[in-house]
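# Structural characterization, general
The chain contents come next:
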Amino acid sequence: MFPFKSKKVPDSGLTRRQTLALAPVRSRDVLESETAAGCVRLSLPVAVRPALAGLARRLGLWDGRALRKTVELDAMGSAVWRAIDGVHCAGDIAAMLAGRYNLDPAEAELAVAQFLRQLGRRGAIGME
Amino acid sequence: MTPTSTDAVSGVPLPVAWNGLDLCVPAAWRPMRLGPGYLYLEDDRGPAFEVKWRRGAGRAGMKAALRALTPRGMATAGGVLPDAWLAALADFELMPLTWSRAGRTGLGAALFCPECGLAAVFQGYGGPDGPDAGRVAELAAVLGSLDHHRPGPPAFRVFGLSFAAPPGFALAGFHFAPGRFSLSLQQGRQRLDVVRLAPADVLLARDSLATVAALAFGLDPAVPATGGSLGAAPAVWLAERQGRGGLDGLARALGRPGRLAVLRHEAGVNKLLGAALRAPKPVDRDWLAEAAARCVSL
């Protein structure tokens, strides 16, 4: 029934092997710095809904400059971020993570896939 | 069961155990979905093998399981199983099934074990033309290794953790997320939680072992912790409402169970392994130490 229609998750049609062969690329809009603990801090542009943006502008609450959000990564997240260079594929990054932290390879693949998905949703990376 | 890199390279079949079912699978297969009586494995190409089972379900359970596991209206009883599969399943009564959908096919069977009453459905996945010769051979080996008559409580050997449940405890829940795998087992009003965390060095760089243990078992970080060792590994014990009488006894009598937890640091495999028991009576520390010692890293 229309109002309760379930949202179907789009199927990429890729197998896991094909997905892991994709190389993540950092977005040019992301600003990177380092925390005192040696971890990565990311400054990400935040998308504002056009209706809210228009309202905020009219009320003089926003001057139109891009809003940013800061995210601090933990040690593993920082290691993955530093490995994102547009050359190494997700599978390579997972293997690197598994080797460095003595993780199970399959679990490292899941962790990397989940993390890259989160970064992708925030617009911090793309895949090629 | 998650393969180690050595096993994946050598192609040695890996033993998997899940809630009463034991089998050996190719090293490249990985469990992707689990249920109380359900196991679904994939390889790099996608779905590989799926099995669903119920103890004491009887012959009627065989048909019910078939309906539950296969795409609605798509599966048809019938089809011909490869001889190698039939040989491997000689101990079962079986009803072959087959289905085809969106360029993918499944070939399997509903099974009934007349000896113990177990009903099950399994299927191997294949391309548009069904499972290829390699997949058929792999599945023959998997089906040949199928063991569900192991005496005693169920064993678990999956996601980097091996655990043999104490007598009387049955699986009540589980959770897997990258870095964490936990099992919950129940016996009456007692609940045993088993947890495996990784990587230990990252977790312990942020918090102490006691804090990680409290977070892992859902205890208040203010709960008193005592250091010690379990086997050769450093460990921490957390006790909540474990006094014999007084306020602890009153709280337990009023329905707030006590909890005793132990988490150990296996530095060699960079993992944290532990167990916690929630019970309406004070927990026997030696019993919990023995149960926690059964949590072994794979």
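So, how was this worked out
Residues numbered from 1 in each chain as written. Chains lettered and ligands numbered in written order. Predicted model: local features only at pLDDT ≥ 70, side-chain atom pairs only at ≥ 80, totals over all residues. Heavy atoms only, no water. Salt bridge = Lys/Arg side-chain N within 4 Å of Asp/Glu carboxyl O. Helix = DSSP H or I, 4+ residues; strand = E, 2+ residues; numbered from the N terminus. Buried < 20%, exposed > 50% of the residue type's maximum accessible area, 1.4 Å probe, protein only. pLDDT = per-residue confidence, 0-100. Contact = heavy atoms within 4.5 Å. Core = buried A, V, L, I, M, F, W, Y, C linked by side-chain atoms within 4.5 Å. Arc of directions from axis to C-beta.

Before going further, it helps to examine the pattern of salt bridges. Taken as a whole and judged by the stated rule, the model has 17 salt bridges over all chains. Arg30(B) serves as the salt-bridge partner of Glu109(A), at 2.7 Å between the closest nitrogen and oxygen. A residue pair is termed interchain when its members come from two chains, as with Glu109(A) in helix H5 (residues 105-121) and Arg30(B) in strand S3 (residues 30-35). Summarising the burial analysis for this pair, Glu109(A) and Arg30(B) share the class buried.

Further remarks concern the confidence of the model for chain B. Residue and element names in this part refer to chain B. Summarising the model, chain B shows a mean pLDDT of 86, and 90% of its residues fall at 70 or more. Confidence over residues 1-10 falls short of pLDDT 50; this stretch has 24 contacts with residues more than four positions distant or in other chains. As scored by the predictor, the complex reaches a pTM of 0.82 and an ipTM of 0.71.

Side chains of nonpolar character tend, in soluble globular proteins, to be buried together. The biggest cluster of nonpolar side chains holds 57 residues, and the ones touching the most others in it are Trp18(B), Phe49(B) and Leu183(B). Broken down by element, this core gets its largest block of residues, five residues, from helix H4 (residues 133-145) of chain B. Residues Leu20(A), Val40(A), Trp81(A) and Leu116(A) belong to the second largest nonpolar core, which totals 29 residues.

What follows is about helix H2 (residues 50-58) of chain A. All names here are of chain A. Taken together, the buried positions of H2 are occupied by Ala53, Gly54 and Ala56. Burial along H2 is one-sided: seen end-on, the buried residues are contained in an arc of 165 degrees. Turned more than 90 degrees from where H2 packs its buried face, Ala51, Leu52 and Arg58 sit exposed. Among the residues trailing H2, Gly60 stands out with phi positive, at a value near 75 degrees.

Turning our eyes to something else, we now look at unusual backbone geometry. At the junction of Ala198(B) and Pro199(B), the peptide bond is cis and its omega measures out at -5 degrees in the coordinates. Along the chain, Pro199(B) falls in the loop between strand S14 (190-197) and helix H5 (200-206). The phi dihedral of Asn102(A) falls on the positive side, at around 55 degrees, and the residue is not glycine. The phi angle at Asn19(B) is positive, at roughly 50 degrees, despite the residue not being glycine. Its location among the elements puts Asn19(B) in the loop between strand S1 (14-18) and strand S2 (21-25). Judged by its relative accessible area of 17%, Asn19(B) falls in the buried class.

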